[in-house]
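# Understanding the architecture of this molecule
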Amino acid sequence: MRLQDKVILITGSYTGIGSAIAKQCVNEGAKVVLNGLREELGQKLMKEFDEDKVTRLTIDITEEDAPTKLINKSIATFGKLDAVVNNAAIVASSNMETTTVPYLERMLAVNTIAPFAIIQAALPYLESTKGNVVNIGSINSWSGEPNLLAYSISKGALMTLSRNLGDTLFREKGVRVNQINPGWILTEHEFVNQREQGKPDDWHKTLSDVFAPAKRLFKPEELAMAAIYLLSDESGPISGQVIEVEQFPMIGRNPPK
């Protein structure tokens, strides 16, 4: 039980990567505060856990008082806070021609500013438990695909935030901050997204070696295990680091001809 009795807040945890992280955290002995936008999905997920292991708060993390409400929910229910996983995000396509300023502002609000605000609100409690933060970024943090401009900008900013705070907060407060940059993960949303783009039902089984040398995509559960490592005491004093969960190097890659 690598997370025995730790209390962990996970945003965007009603589905996908966040849900997988939440389940694995509970399996490792943690108590979890779930968060998402769709109450019916939160209610459905809650049924998979023992009542004393989880609580939830359905709220848009960009609301002005959302960070305070999320932290208060953690403290009121479980009495402390050991870690925050900033997973909630907008994943949407745009390029230089289609990215409007309001669109970029909304992307930054969800993917970058809200995680900052949540860390800020949680800091006094994380300092008291010598806790940590795991931000879920993207391999697109490095430069991004042509049609993921706004998303890539927001995740690149999040990565800078993680590295900056991972140094300053650990030195000053004893609070570790790290980031995981996932590659292509086969979540429920991604499966539906690709089908809506006209792909066949088995699109994920016929991927090019360029994108999937393993002939498959990552499972959300595999990414969750990377989060468990960073959340646990086993990762020791690791802080300010970015873990790439990808099948190929982002720098020095040699795609097949």
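A brief report on the enclosed structure follows. Per chain, the residues get numbers from 1 upward, laid out in the order the sequence is written. Given that this is a predicted model, residues contribute local features only at a pLDDT of at least 70 and side-chain atom pairs are listed and counted only at 80 or more, while totals for whole chains, interfaces and linings are drawn from all residues. For the side-chain quantities, the full set of heavy atoms in the structure was used; hydrogens and water were omitted.

## Side note on the pattern of salt bridges
The term salt bridge refers to a pairing of a side-chain nitrogen on Lys or Arg with a carboxyl oxygen on Asp or Glu at a separation within 4 Å. All told, the structure shown has twelve salt bridges when counted by the stated rule. Taking the shortest distance from any N to any O, the salt bridge between Lys80 and Asp82 comes out at 3.1 Å. Since its relative accessible area comes to 30%, Lys80 is described here as partly exposed. Through salt bridges with shared partners, a single network forms among Arg2, Glu28 and Glu234. Exposure is judged per residue with a 1.4 Å probe applied to protein chains only, and the accessible area is read against the type maximum: over 50% gives exposed, under 20% gives buried, and values in between give partly exposed.

## Examining the side chain of Thr55
Looking at where Thr55 falls in the secondary structure, it is placed in strand S3 (residues 54-58). Using a relative accessible area of 10% as the deciding quantity, one classes Thr55 as buried. Helix and strand assignments follow DSSP, with helices taken as H or I runs no shorter than four residues and strands as E runs no shorter than two, numbered in order from the N terminus.

## Observations regarding the packing of helix H1 (residues 16-27) against helix H7 (residues 220-231)
To obtain an axis, a line is fitted to C-alpha atoms, over the contacting stretch when the element is a helix, and the angle between two such axes runs from 0 to 180 degrees between their N-to-C directions. One way to put it is that H1 packs onto H7 with a least axis distance of 8 Å and a crossing angle of 55°. Here H7 runs oblique to H1, going by the angle between their axes. Our pair here, H1 against H7, has a crossing hand that is right-handed. Counted together, Gly16, Ile17, Ala20, Ile21, Gln24 and Cys25 of H1 and Pro220, Glu221, Leu223, Ala224, Met225, Ala227, Ile228 and Leu231 of H7 form the full contact between these two elements. Residues that form the contact of H1 with H7 fall into these classes: eleven nonpolar, two polar and one charged. Throughout this description, any angle smaller than 35 degrees is read as roughly parallel, any larger than 145 degrees as roughly antiparallel, any in the 65 to 115 degree range as roughly perpendicular, and the remainder as oblique. Take the far helix as your reference; a near helix turned counterclockwise from it by less than a right angle gives a left-handed crossing, and one turned clockwise gives a right-handed crossing. The criterion used for residue contact is that any of the two residues' heavy atoms lie within 4.5 Å. Side-chain classes follow a simple rule in which Ala, Val, Leu, Ile, Met, Phe, Trp, Tyr, Cys and Pro form the nonpolar group, Asp, Glu, Lys and Arg form the charged group, and the remainder, Gly included, forms the polar group.

## Some details on the environment of Gly16
Along the polypeptide, Gly16 turns up in helix H1. C-alpha of Gly16 to C-alpha of Gln43: the two residues are 27 residues apart in sequence and 15 Å apart in space. Setting aside anything within four residues of it in sequence, one finds Gly16 in contact with Thr187, Glu188 and Pro220.

## With respect to unusual backbone geometry
Its identity is not glycine, yet Lys130 carries a phi of approximately 50°, on the positive side. For Lys130, the location among the structural elements is in the loop between helix H4 (101-129) and strand S5 (132-136).

## Structural notes on the environment of Val101
Checked against the element boundaries, Val101 lands in helix H4. Of the residues examined, Val101 reaches a relative accessible area of 56% and is grouped as exposed. With 49 residues separating them in the primary sequence, Val101 and Ala150 have C-alpha atoms 9.6 Å apart.

## Re the nonpolar core
Counting residues in each nonpolar core, the largest one holds 31 residues, and the members touching the most others are Ile8, Ile21, Cys25 and Ile180. Listing elements by their share of this core, those giving two or more residues are strand S1 (7-10), H1, strand S2 (31-36), strand S4 (83-86), S5 and H7. The element that contributes the greatest number of residues to this core is H7, accounting for seven residues. As used in this record, nonpolar core signifies buried Ala, Val, Leu, Ile, Met, Phe, Trp, Tyr and Cys residues forming a set joined through side-chain atoms within 4.5 Å. Formed by 27 residues, the second largest nonpolar core is a distinct cluster that contains Val7, Ile59, Ile61 and Leu123.

## Some words on the pairing of S5
Most of S5 sits inside the fold, with five of its five residues counted as buried. Neither face of S5 is open: one carries Asn132, Val134 and Ile136, the other Val133 and Asn135, and all of them are buried. Note on pairing: DSSP must find at least two bridges between two strands before they are called paired. The pairing of S4 with S5 spans four bridges and is parallel. Its bridge partner lying in S5, Val84 is registered against Val133. Assignment of crossover handedness uses the view with strands pointing away from the viewer, where a clockwise path from the first strand over the helix to the second indicates a right-handed crossover. The β-α-β motif built from S4, the intervening H4 and the parallel element S5 has right-handed crossover chirality. When S5 meets strand S6 (residues 176-182), the two strands line up parallel, connected through five bridges. Residue pairing in the sheet places Val133 in a bridge with Val177 of S6. This β-α-β element, S5 to helix H5 (residues 149-173) to S6, shows right-handed connectivity.

## Regarding the side chain of Ser232
Within the element layout of this structure, Ser232 appears in the loop between H7 and strand S7 (242-245). Residue Ser232 is classed as buried on the basis of its relative accessible area of 0%. Whenever a nitrogen or oxygen atom comes within 3.5 Å of another N or O atom, the pair is scored as a polar contact, on the condition that within protein one atom can donate a hydrogen and the other can accept it, and that pairs from neighbouring residues in sequence are kept only if both atoms are in side chains. Reaching out from Ser232, the side chain makes a polar contact with the backbone oxygen of Tyr229 at a distance of 3.0 Å. Those residues in contact with Ser232 that lie beyond four places of it in its chain are Arg2, Leu3 and Arg176.

Spatial relationships are all this shows, so hold off on functional conclusions.
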